[in-house]
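Chains, contacts and geometry: an overview
Spelled out, the chains give:
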Amino acid sequence: MEIPYTVEIRRDTGLTNGKIGIWLFLASEVMLFGALFASYILIRTGAPVWPRGDTILNVPLATFNTIVLISSSVTMVMAWASLKRNRFGTFRMYMGATILLGATFLVVKYFEYSHKFELGLFPSTSNFLALYFTLTGLHMLHVIGGMAVNAYFWGPGAKLWKTNPEWFTNRVEHSGLFWHFVDLVWIFLFPTLYLL
Amino acid sequence: MTSEHAVDHHDVDIDKHVRIYVTVFVALMALTIITVAISRLHLPVHIAVSIALLVALIKGSLVACYFMHLISEKKLIYAVLGLTAAFFAALLALPALTTSNGFWIH
Amino acid sequence: MNWTHLLGMQPLGAAHGAQIDGLIGWTHVFMLILFVGWGGFFLYALMRFRRSRHPVADYTGVKSHASNYSEIAVAVVEAILLFAFSIPIWAARVDHIPPENEALLVQVTGEQFAWNIHYAGPDGKFGRTDIKLIDLQSNPLGLDRSDPAAKDDVTTVNQLYLPVNKPIIVRLRSKDVIHSFGVPEFRVKQDAVPGFTIPIWFIPNVTTAEMRTRTGNPEFQYEIACAQLCGLGHAKMRGFVTVQTAEEFQKWLEDKIKEQGSPDPFR
Amino acid sequence: MSDPAAVAPPKTHGAHEAHHEELGFWRKYVFSTDHKVIGIQYAVTGLLFLLFGFSLMMLMRWNLAYPGAALPLLGKILGDSRMPGGTMLPEFYNELGAMHGTIMVFMGVVPLAVGGFGNFVLPLQIGAPDMAFPRLNMLSYWSFFLGGVTMLVSFFVPGGSAQSGWTSYAPLAVIASTGQTVWLFGMVFLITSSLLGAINFIATTIQLRAKGLTFMRFPFFVWAQFVTAFLLLLAFPPLEAAAFMQLMDRLAGTSFFLPSGLVVSGQVLTNAGGGNPLLWQHLFWFLAHPEVYVLILPAMGIVAEIIANNTRKPLWGYRSMVYSLIFLGFMSFIVWAHHMFMTGMGTAMAAFFQTTTMIISIPSVVILTALIISLWGGSIRFNTPMLFACGFLPMFGIGGLTGLPLGLNVTDIPLHDTYYVIAHFHYVVAPGTIFALFAGIYYWYPKATGRKMSETLGKIHFAGSFVCMNVVFMPMFIMGLAGVSRRLYDGGAGYAFAQPVLHWNIVSSWGAWALGLFQLPFIFNFFWSIWKGEKAEDNAWQATTIEWAAAPSPPPHGNFHVAPEAYRGPYEYSVPGAARDFVPQCEA
Ligand code: HEA
Ligand code: HEA
Ligand code: CUA
Ligand SMILES: [Cu+2]
């Protein structure tokens, strides 16, 4: 017996295994970042004074990064749409763009971090920075993870398109779901850390 | 727009979706600018927080609904996320209650 | 009914203790009833329906829904224990702390691995403390003796002296890790969490001397047992409480003030 | 899997496996993606960790019984850094205590109950060819394995392993020696493993169940694993976040859990401060309470299967059991602070959490009641699995009932952090969960190996374990009521008030060592039966559930020759007018 519903959907649930799998994974991610946000609230409300993000952090850079990440979400979803339209070439293009935008995000973050370090601002300096580095750091790990997966589907993984296009499309959709989630987390991190 | 659609057909409604994606993209950009702009006004904290979170919430739901296709997902996914949302709420409620005086350290 | 004795708990030394022991006692009665009831049915069923005695199983089994009632009963009893006893008694513990002028206020600060005790003295004001002044040997609390309020302060290590039949408010703090201030006879236990000052109160109503005669143990001492793992000395983090008559306590306090009021304490 | 290599732990491979076909072997038994192999790997690794965790405890029990006395011979071996002159250092005791808790919970019971039984049995019971994501499944085992190894390594880092209790409360854990850092990394691996596993279980249960197998036709075991998976999925991430934060506190000098102005042995800490020690406790217990139900639900599932099978009648009140199970899982997320009653709760919080705690006890009562009533009218076979299952019921009863005085926070005042708590939860996890797991091993062993384990040895194992467990843990209630704190390396010998009950420590310890002896027949039986056990037919227990009725023993790769279908509920035993006293789920 082979494992069913990897590609075709199961009638009564209307889903493939992968679809459920990725959403369950995202559910656990929600709880992970939920705990971090909870800690943020607890520590901030407990603190006598709390700095406004923009007095310490670089809002223009972060705004730029927000735009970058949002754009990457669009290119991601376009990549998947291209597969739907059976246009492998455009998929390659959009997926490539997604990866590059991800890279841009990381580069900008790198400059942000190193600038902080030059100013002698470290996680140990204050709880504000502790939260800033921990939250953005974990988010960055997710970005890297997402890029790795996307890179795989852009490169070696793309072979699957030849043998089983539908399955490949699904997998791209799933990695897309993760990528959008990473974007979504940033959408909340940006105001909480930089603007408030 | 879930994966059950075979690769070949439904080009038309894909085009429809692509148009939606572009619109959403524009909306997200706009909202990003708006939050930053508002933060420039230096409103009192609680107002600033509520506005910022509201905007973030809108942006978030846009991403979730359209890029992640939640708007047209299967019941089962909704169920899972509903459950998650409940416990997420419990998680966020905890620090609020903990710090507010008299609740925790009597 | 003397639950304290039946449950093998430490002899009572504080006013509110009887309530707690009573609740523990009745809860255990409830548990015992459940256990015996269920257990009896369980054993009987095992005997009666063993294969050799009951070769053919009965598809439906129990038809009556009596068990639902038993479950409802459990819920009801639990509700009573909860709303009629536990919640109100707890409220009395934490909400109705007696006014400071009617009580003796003591500051107890846990550290690895000792209890630092601090009395405000007659002026009722605790002297300023400053971590810069802390010296493990001579001044573990970093009490600033130059502060007028500190002149009549008394500090001891691991020795908590209390007057009998007077409300005591202990302000619990910790210098390093979490400790837990527990005195079995008083039925009090409270974590000392660094960063917080947590008040607890109780009324010791049996002097140490009295307790010695009661227990027939001439060495009897109230002990402060640290209940929270706090490092390698956790087992050795042991303090003592001496409950005296008001007069004895007053005298002890005055002697201490004379001894410590002088600039250089602990000689 | 009648092949020894399959049940022997991965580590001991290679050596005596050289004669196997070189290439095939590794993919087949070590890096296999077959849920049955992975299940067995989980189970055996888990059992070894249980044994190891138990050994640590048998060592601790020496110092509890005879504080300061030199341990004969073994003391020498452990060396001066741990047991100079054979007497145990408090640091070492704390290491053993913290690691016993960690190993038993995260590396013993969970891998065995969820990773082992879940992996092996669940797909078979729902008629699936394998897990939904076989590679992910292998990954989660190896992540667990890595976590386990990391934890073991921590014993040998300078300063020894973690020693701040399995709860790792800050600030103590933050200022503790390197071992704590290793512990945190180990936990991250273990958590990752559980998360991947949980995703796999849920997806498998929802997607791969056989045609006609509706949710209300699930065997209770499947339900138990399903709910458990959700607990793991949603409760573990907060602890992962907390672990990251504690790592930051330890490595990057942040102060998530450290308030300002800490003075450790005269030295003022230079951290920024502003953190909150209670934050750790919240995040820890937000996981750890659901975690304790992760420890018990699979056990209940196993017991339900075995009781239905050996009473030869359907479970009584199956539906109410299922609903209680779901309710239990849901509630378990909002009772966590009953572990924090003594951290200075106001009335409102206390009222809320003790109310939820009382509420959550009701579904357990319902499930236990249903199980006991299920016995009524049965035709009970007392084979070894059934004996352990029957042992589970009253033992869980004692453990569960003693949870009530802990759940009322007034009565928790004198009992908190005393041996009463230790006794409470050991009754649920040791003679409770562990017995259920033993039952499960005896019950599904024939499915995994094609042979039965020896009944005689099994009954000796049961009788001995049952008596000893009670000798070990009953005295702890007495000590707890007398007010003896837990985690005291001298077992309370330092306190005058504890003197009258100290002799119970000695009873308890001898009980534990005897318990150890009574595990020998089991260990022998477990390995001996692989080759010498009495051959068992495919449906060794005349069971109705699919894993027995439709799959050969041991099942081939892919499990079933033809995809099974479900036509009825899981426990159609002794159906009036039926030819046999059991009608399999998968028979048209
Ligand atoms: C499997 C694990 C498990 C289970 C199931 C439970 C179940 C329960 N636990 Fe337990 N608990 C732990 C594991 C578990 N616990 C652990 C590990 C700790 C300590 C952690 C630490 O500090 O290190 C702990 C600690 C703990 C505390 C904190 C104590 C303290 O630190 O001061 C509390 C307080 O409320 C509590 C309450 C309960 C309650 C109300 C239940 C209820 O769910 C119980 C409901 C069950 C019943 C009410 C029994 C019903 C059955 C019958 C009536 C039938 C009897 C049958 C026969 C006679 C045949 N537990
Ligand atoms: C699942 C959880 C679990 C289990 C099963 C156990 C099992 C046991 N525990 Fe443990 N214990 C904890 C979880 C557990 N414990 C926790 C969380 C703590 C708190 C730690 C802390 O303070 O932070 C604790 C603390 C604790 C203490 C208190 C220490 C202290 O406070 O100072 C004691 C004292 O006696 C103790 C004893 C025992 C004993 C005698 C067993 C026995 O029942 C052991 C039974 C084990 C077996 C019977 C082994 C079975 C396996 C085999 C036979 C292997 C076979 C192998 C093959 C076939 C390959 N435990
Ligand atoms: Cu202080 Cu234990
Ligand atoms: Cu709990």
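None of the values given here were measured: they were computed from a predicted structure.

Looking now at a nonpolar patch on the surface. A surface patch of nonpolar side chains, about 520 Å² in accessible area, is lined by Tyr 69, Ile 72, Val 76, Ile 80 and Phe 85 of chain C. Structurally, Tyr 69 of chain C is set in helix H3 (residues 66-94).

Turning to helix H5 (residues 127-154) of chain A, a few remarks are in order. Taking 1.5 Å per residue, 28 residues should reach 40 Å; H5 of chain A reaches 40 Å between its end C-alpha atoms and fits that length. Judged by how many residues are buried, H5 of chain A sits mostly within the fold: 20 of 28 residues are covered.

The next subject is the coordination of the iron atom of ligand 2. Ideal values for angles at a metal depend on the geometry: 109.5 degrees with four tetrahedral donors, 90 or 180 degrees with six octahedral donors. All names here are of chain D. Here the iron atom of ligand 2 is held by His 100 (NE2) and His 426 (NE2), and the distances to it run 2.0 to 2.1 Å. Taken together, the 6 donor atoms surrounding the iron atom of ligand 2 define angles of 88 to 178° at the centre, an arrangement classified as octahedral. One end of the pair, His 100, is in helix H5 (residues 90-125); the other, His 426, is in helix H15 (residues 419-449), with 326 residues separating them in the sequence. Grouping residues by exposure puts His 100 and His 426 together as buried.

The next thing to look at is the site of ligand 1. Residue and element names in this part refer to chain D. In the neighbourhood of ligand 1, 35 residues make up the surrounding shell, with Tyr 293, Asp 412, His 416, His 424 and Arg 486 lying closest. Here an oxygen atom of ligand 1 sits 3.4 Å away from a polar atom, N or O, in the side chain of His 338. In this structure, Leu 406 approaches ligand 1 through a main-chain N or O atom, which is 3.3 Å from an oxygen atom. For the shell around ligand 1, a count of residues per class yields 21 nonpolar, 12 polar and 2 charged.

Residues and elements named next belong to chain D. By secondary structure assignment, the location of Asp 249 is in helix H8 (residues 220-252). Summary of buried charges: Asp 249 has no salt-bridge partner, and the nearest side chain of opposite charge, Arg 250, is 9.3 Å away. Of note is the side chain of Asp 249, whose polar atom sits 3.3 Å from the backbone nitrogen of Ser 255. With near-sequence residues (within four places) excluded, Asp 249 lies in contact with Val 174, Thr 254, Ser 255, Phe 256, Phe 257 and Leu 258.

Below, the discussion takes up the coordination of the copper ion (ligand 4). All names here are of chain D. In the first shell of the copper ion (ligand 4), the protein supplies His 289 (ND1), His 338 (NE2) and His 339 (NE2), at 1.9 to 2.1 Å from the metal. Between consecutive donor residues of the copper ion (ligand 4), the sequence gaps follow H-x48-H-H. If you look at the copper ion (ligand 4) and the iron atom of ligand 1, they sit 4.5 Å from each other. Here His 339 lies in the loop between helix H10 (318-331) and helix H11 (347-374) and His 289 lies in helix H9 (residues 277-311), a separation of 50 residues in the sequence.

The subject of this paragraph is the interface of chain D and chain C. At the junction of the two partners, chain D supplies 92 residues and chain C supplies 84 residues. When residues of chain D are sorted by the area they lose upon contact with chain C, Trp 376, Val 410 and Tyr 495 of chain D head the list and together hold 10% of the total. Joining chain D to chain C, the criterion identifies 1 salt bridge. Applying the counting rule to chain D against chain C returns 31 residue pairs in polar contact (both at pLDDT 80 or more). Listed by contribution, the elements that provide at least two residues to the side of chain D that touches chain C are H5, strand S1 (263-264), H9, H11, helix H12 (384-401), helix H13 (403-407) and helix H14 (409-415) of chain D.

This next bit is on the environment of Pro 194 of chain C. Mapping Pro 194 of chain C onto the fold places it in the loop between strand S7 (188-192) and strand S8 (198-202). Note on Pro 194 of chain C: relative accessible area 0%, which makes it buried. Considering only alpha carbons, one finds Pro 194 of chain C and Leu 34 of chain C, 160 residues apart in sequence, at a separation of 41 Å. The residues contacting Pro 194 of chain C, other than those within four sequence positions of it, are Ser 174, Asp 176, Val 177 and Ile 178 of chain C together with Pro 171, Pro 259, Leu 262 and Pro 277 of chain D.

Looking at the second largest pocket, its volume works out to about 1800 Å³. In this structure, the second largest pocket is lined by 45 residues; those nearest its centre are Arg 171 of chain A together with Phe 133, Leu 136, Leu 139 and Leu 196 of chain D. Counting only elements with at least two residues in the lining of the second largest pocket, the list comes to helix H1 (17-46), H5 and helix H7 (165-195) of chain A together with helix H6 (134-153), helix H7 (179-207) and H8 of chain D. Considering only residue class, the lining of the second largest pocket consists of 24 nonpolar, 15 polar and 6 charged.

To continue, consider the packing of H15 of chain D against helix H18 (residues 520-532) of chain D. The description of two packed helices rests on the angle between their axes and on the distance between the axes. Residues and elements named next belong to chain D. At a minimum axis distance of 12 Å, the contact between H15 and H18 shows a crossing angle of 15°. Classed by the angle they form, the pair H15 and H18 counts as roughly parallel. The hand of the H15/H18 crossing is left-handed. Here Phe 438, Ile 441, Tyr 442 and Tyr 445 of H15 lie close against H18, whose contacting residues are Phe 522, Asn 525, Phe 526, Ser 529 and Ile 530. In terms of residue class, the contact of H15 with H18 is made up of 7 nonpolar, 2 polar and no charged.

Here the focus is empty space enclosed by the protein. All names here are of chain D. Applying the stated criterion to the full structure yields 9 cavities of 30 Å³ or more. Size it by volume and the largest cavity reaches roughly 230 Å³. The wall of the largest cavity is formed by 17 residues, among which Ile 40, Ala 43, Phe 117, Ile 441 and Ala 448 lie closest to the centre. Counting only elements with at least two residues in the lining of the largest cavity, the list comes to helix H3 (35-65), H5 and H15. A breakdown of the residues in the lining of the largest cavity according to their chemical character gives 14 nonpolar, 3 polar and no charged.

On to the site of ligand 2, then. Residue and element names in this part refer to chain D. Taken together, 36 residues lie near ligand 2, and Arg 61, Tyr 93, His 100, His 426 and Arg 487 sit nearest. Here an oxygen atom of ligand 2 sits 2.7 Å away from a polar atom, N or O, in the side chain of Arg 61. One of the side-chain nitrogen or oxygen atoms of His 426 is found 2.8 Å away from a nitrogen atom of ligand 2. Of all the elements in the fold, those that place two or more residues in the shell around ligand 2 are H3, H5, H15, helix H16 (455-481) and H18. Among the residues making up the shell around ligand 2, the classes are represented as 27 nonpolar, 6 polar and 3 charged.

With the rule as written, the count across this model stands at 24 salt bridges over all chains. Between Lys 256 of chain C and Glu 259 of chain C there is a salt bridge, with the nearest N and O atoms lying 3.7 Å from each other. Here Lys 256 of chain C pairs with Glu 259 of chain C, and both are found in helix H5 (residues 246-261), just 3 residues apart, close to one helical turn. In this structure Lys 256 of chain C comes out as buried when scored by relative accessible area, which is 19%. Of the charged contacts in the structure, one is a salt bridge between Lys 36 of chain D and Asp 34 of chain D, with a shortest N-O distance of 3.1 Å. No difference in accessibility class separates Lys 36 of chain D from Asp 34 of chain D, as the two residues are buried. Salt bridges here are not isolated pairs; linked through shared partners, they connect Arg 128, Asp 130, Lys 132 and Asp 144 of chain C.

What counts as what
Residues numbered from 1 in each chain as written. Chains lettered and ligands numbered in written order. Predicted model: local features only at pLDDT ≥ 70, side-chain atom pairs only at ≥ 80, totals over all residues. Heavy atoms only, no water. Patch = residues over 30% accessible without salt bridge, like charges linked within 9 Å, V, L, I, M, F, W, Y side chains within 5 Å. Areas by Shrake-Rupley, 256 points an atom, 1.4 Å probe, with all protein chains shown as cover. Salt bridge = Lys/Arg side-chain N within 4 Å of Asp/Glu carboxyl O. Helix = DSSP H or I, 4+ residues; strand = E, 2+ residues; numbered from the N terminus. Expected span 1.5 Å × (residues − 1). Buried < 20%, exposed > 50% of the residue type's maximum accessible area, 1.4 Å probe, protein only. Donors = N, O, S within 2.8 Å, 3.2 Å for Na, K, Ca; no water. Tetrahedral: all angles 85-135°; square planar, octahedral: opposite > 155°, others 65-115°. Near = heavy atom within 4 Å. Polar contact = N/O pair within 3.5 Å; in protein donor to acceptor, adjacent residues only side chain to side chain. Nonpolar A, V, L, I, M, F, W, Y, C, P; charged D, E, K, R; others polar. Lys, Arg positive; Asp, Glu negative; His and termini not counted. Contact = heavy atoms within 4.5 Å. Buried area = accessible area lost by both parts, 1.4 Å probe. 1 Å grid on protein atoms, 1.4 Å probe; cavity = no way out; pocket = protein on both sides within 12 Å on 5 of 7 lines; lining within 4 Å. Points joined across faces, edges and corners; volume = space filled by probe spheres on them. Axes fitted to C-alpha atoms, helices over the stretch in contact; angles between N-to-C directions. Parallel < 35°, antiparallel > 145°, perpendicular 65-115°, else oblique. Left-handed = near helix turned anticlockwise from the far one by under 90°.

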